[in-house]
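# Close look at the chain arrangement
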Amino acid sequence: MKKRILTGDRPTGPLHLGHYVGSLKNRVLLQREYDTFVLIADVQALTDNFETPEKVNKNILEVALDYLAVGIDPKIATIVVQSAVPEIAELTVFYMNLVTVGRLEQNPTVKTEIKEKGFERSLPLGFFAYPVSQAADITAFQAALVPVGEDQLPMIEQTREIVRRFNTLYGKTLVEPEALLSKFPRLPGIDGKAKMSKSLGNVINLSDSADEVKKKVMKMFTDPTRIHANDPGHLEGNIVFTYLDAFDADLSGLKDLKKRYQSGKVGDVEVKARLVDVLNVMLDPMRARRAEYAGNKKAVMEILEQGTLRAREVAGETLRAVKKAMKIDYF
Ligand code: TRP
């Protein structure tokens with residue numbers, strides 16, 4: 001039997017290049033080698049969007065289209081809608097016993113999010129506990145591997161702790177997963193901030209048009225010390241080059257461009273034009289696939305329904321094993 005992969009995304013908006021280099025690309029590359037489950041985490045999305053459920057509802061289809069556009073093949077991989085797998089919610093409740101408030105408070109990703117959202121004493125319990133529900137996502141499928149960006153490492157660590165605790169207390173039942181980081185686990189935003197993030201408004205979406213991509217790249221910061229095209233340019237902290245490193249497959253062409261840039265023989269506009277080109281060459285086939293599926297939304301919903309059905313079988317098996325181990329399999 002193939003080992004399993006589980007990853008997912010909150011459906012709160014379109015997926016962007018940061019998602020792509022951090023995790024999506026690995027999922028596409030590994031979908032033949034692993035039995036891959038991709039989770040549209042709408043229950044998790046509701047933990048900080050419960051007042052605007054229409055936003056989550058609308059983005060189920062958007063995220064599904066992003067998945068299909070990047071090349072997740074529904075004939076091979078299984079796309080799952082989290083809320084339609086109640087087994088995950090049940091597992092979450094059982095795992096709650098195995099995690100302390102003190103431990104959750106130390107989760108760096110949750111800590112940052114709590115601060116960013118300014119929750120203070122009105123922190124919703126559901127949001128605070130989402131790492132536990134994420135452990136249920138992963139273990140419901142007995143996933144061995146979880147391709148993620150850097151910011152998700154604390155979630156995988158939390159999951160591993162829950163698994164070890166469960167297996168020690170109740171007997172070996174759950175698979176302890178490992179995180180798979182990409183070569184570029186974090187892509188900076190187009191504003192130069194450390195992270196590309198929808199809430200920071202510094203993203204290039206996978207669904208952006210060629211024109212939008214061009215506009216965004218042309219606005220990117222380069223080397224602030226460089227005034228004229230014939231001043232020697234710097235590569236450190238120059239995000240246009242960071243992006244070229246992440247996306248440009250023509251390594252010798254890129255090396256040559258860097259050399260010319262450092263010796264003041266090439267202007268910013270040429271470097272940016274190259275990045276626009278590289279991105280659009282990558283995004284064009286995604287745009288074509290997206291358009292195809294977007295024209296047949298019924299077929300996309302059918303893919304989600306079939307995937308979710310299969311997911312319930314797998315998660316059901318895990319839940320049965322968990323309940324047996326916990327001695328609550330009465331009937
Ligand atoms: N927390 C992830 C994010 O914000 C989304 C997610 C939900 C996830 N369930 C998961 C990621 C399981 C990996 C595995 O992007």
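Calculation criteria
Residues numbered from 1 in each chain as written. Predicted model: local features only at pLDDT ≥ 70, side-chain atom pairs only at ≥ 80, totals over all residues. Heavy atoms only, no water. Domains from an automatic or database assignment. Contact = heavy atoms within 4.5 Å. Buried area = accessible area lost by both parts, 1.4 Å probe. Salt bridge = Lys/Arg side-chain N within 4 Å of Asp/Glu carboxyl O. Polar contact = N/O pair within 3.5 Å; in protein donor to acceptor, adjacent residues only side chain to side chain. Helix = DSSP H or I, 4+ residues; strand = E, 2+ residues; numbered from the N terminus. Axes fitted to C-alpha atoms, helices over the stretch in contact; angles between N-to-C directions. Parallel < 35°, antiparallel > 145°, perpendicular 65-115°, else oblique. Nonpolar A, V, L, I, M, F, W, Y, C, P; charged D, E, K, R; others polar.

Many analyses report the size of an interface as the accessible area lost when the parts associate. Looking at the assigned domains, one finds that the protein contains domain 1 (4–187 + 297–325) and domain 2 (210–290). Centre-to-centre, using C-alpha coordinates, domain 1 lies 34 Å away from domain 2. Taken together, the 12 residues of domain 1 in the interface contact 10 residues of domain 2. With both sides pooled, the region where domain 1 packs onto domain 2 buries about 1000 Å², and carbon together with sulfur makes up 71% of that total. Our enumeration of links across domain 1 and domain 2 arrives at two salt bridges. Note that aspartate 66 and arginine 290 form a salt bridge whose closest N and O atoms lie 2.1 Å from each other. In this structure, the connection of domain 1 to domain 2 is made through three residue pairs in polar contact (both at pLDDT 80 or more). For the side of domain 1 that touches domain 2, the elements supplying multiple residues, two or more each, are helix H1 (17–30) and helix H3 (53–70).

Mapped onto the elements, threonine 139 comes out in helix H8 (residues 130–140). Polar side-chain contacts of threonine 139 include one of 2.8 Å to the side chain of tyrosine 95. At 2.7 Å, the side chain of threonine 139 forms a polar contact with the backbone oxygen of alanine 135. Apart from residues no more than four positions distant in its own chain, threonine 139 is found in contact with Tyr95, Thr159, Val163, Leu174, Val175 and Thr318.

Turning next to the packing of H3 against helix H14 (residues 297–325). Where H3 meets H14, the closest approach of the two axes is 11 Å, and the angle between their N-to-C directions is 85°. Here H14 runs roughly perpendicular to H3, going by the angle between their axes. Within the contact between the two elements, H3 uses Ile60, Leu61, Ala64, Leu65 and Leu68 and H14 uses Lys297, Val300, Met301, Ile303 and Leu304. By residue class, the composition of the contact of H3 with H14 is nine nonpolar, no polar and one charged.

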